[in-house]
Amino acid sequence: MSVDPEKLAAAVFLKEPIWNPRHAGHRSRTIIQQCWSDLSKEMIVDAIVYAFNVGSLKDAEENAKQSGITIKQHNIIYKLVDDIKEEMNNCLPPIEVEDVQGEANVLQEFLINENKKKIPVAGCRCTSGTLKKAALFTVVRDNDTVLYRGKLSSMRHLKDEVATIKTNMECGIRLEDTSIRLNPGDKIVCYTLREQQQKINWETGF
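This is a predicted model, so every value here is computed, not measured.

1. Observations concerning unusual backbone geometry
If you check the backbone angles, Lys116 has positive phi at about 65° while not being a glycine. Even without being a glycine, Asn168 presents a positive backbone phi close to 80°. Along the chain, the position of Asn168 falls in the loop between strand 10 (164–166) and strand 11 (170–175).

Here you go:
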């Protein structure tokens, strides 16, 4: 496949400007028709130079190595684009993703006396998955209003404090924030957080 180097370079620079928030500066990425005179113009520390469909680069690679520049060679356009995408992805900070562990419905709210205060406890039934006391919880009302996001202070089955509640089991749930009042029909979602690498949405048009 024949690719115009200028169009390829334009696709890299114009469609996805690069900024690495984990480093104090830009990392230069460019595609050039390779010769040392071209490469010498790109002398930026910690740069990556992408060379597409070129010959031997021994002299350029030696000079680049001494200057802290990485040269990556490709002769297949799609592999070049994939390499650039991967480098761009690595520059993005990870995002937090919620993994739902289980869900429960509130059957009834009970008030218990503790230190002369009335503390709400939700009598619940686990409807799917597993409720894990050590995880995080969201309380949702009418499918769209989030009342609470945080941890539990207690989860009991009958009179015993438990670490997990499985599907179809009933339990008493107490939130860390005792100001939240719960109604029958409220949904309690148990979830954990994990980091996930972001991926750019970049189509070159080739």
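2. A closer look at the pairing of strand 11
Among the six residues that make up strand 11, five are buried, leaving the element largely enclosed by the rest of the structure. In this structure, strand 5 (residues 117–132) lies alongside strand 11, joined through four bridges in antiparallel fashion. Looking at strand 11, one finds that Gly123 is bridged to Gly172. In terms of strand pairing, strand 8 (residues 152–157) meets strand 11 through four bridges, oriented antiparallel. Across the sheet, the residue bridging to Leu152 is Leu175, located in strand 11.

3. Considerations on the nonpolar core
Ranked by size, the top nonpolar core spans 21 residues in total, and within it Cys124, Leu131, Met155, Ile173, Leu175 and Ile188 carry the most contacts. Broken down by secondary-structure element, the contributors of at least two residues to this core are strand 4 (95–114), strand 5, strand 6 (136–141), strand 8, strand 11 and strand 12 (187–196). Ranked by residue count, the leading element in this core is strand 5, at four residues. Counting residues in each nonpolar core, the second largest holds nine residues, with Tyr50, Leu80, Met88 and Trp202 among its members.

4. Topic: the pairing of strand 12
Across 10 bridges, strand 4 lies against strand 12 in antiparallel orientation. Across the sheet, the residue bridging to Glu98 is Leu193, located in strand 12.

5. Some points on the environment of Val97
Here Val97 lies in strand 4. Assessed through its relative accessible area of 18%, Val97 is described here as buried. In this structure the C-alpha to C-alpha distance between Val97 and Tyr191, which are 94 residues apart in sequence, comes to 9.8 Å.

Parameters at a glance
- Residues numbered from 1 in each chain as written.
- Predicted model: local features only at pLDDT ≥ 70, side-chain atom pairs only at ≥ 80, totals over all residues.
- Heavy atoms only, no water.
- Helix = DSSP H or I, 4+ residues; strand = E, 2+ residues; numbered from the N terminus.
- Buried < 20%, exposed > 50% of the residue type's maximum accessible area, 1.4 Å probe, protein only.
- Pairing = 2+ DSSP bridges.
- Core = buried A, V, L, I, M, F, W, Y, C linked by side-chain atoms within 4.5 Å.

Note that all results are geometric; they support no functional claim without further evidence.
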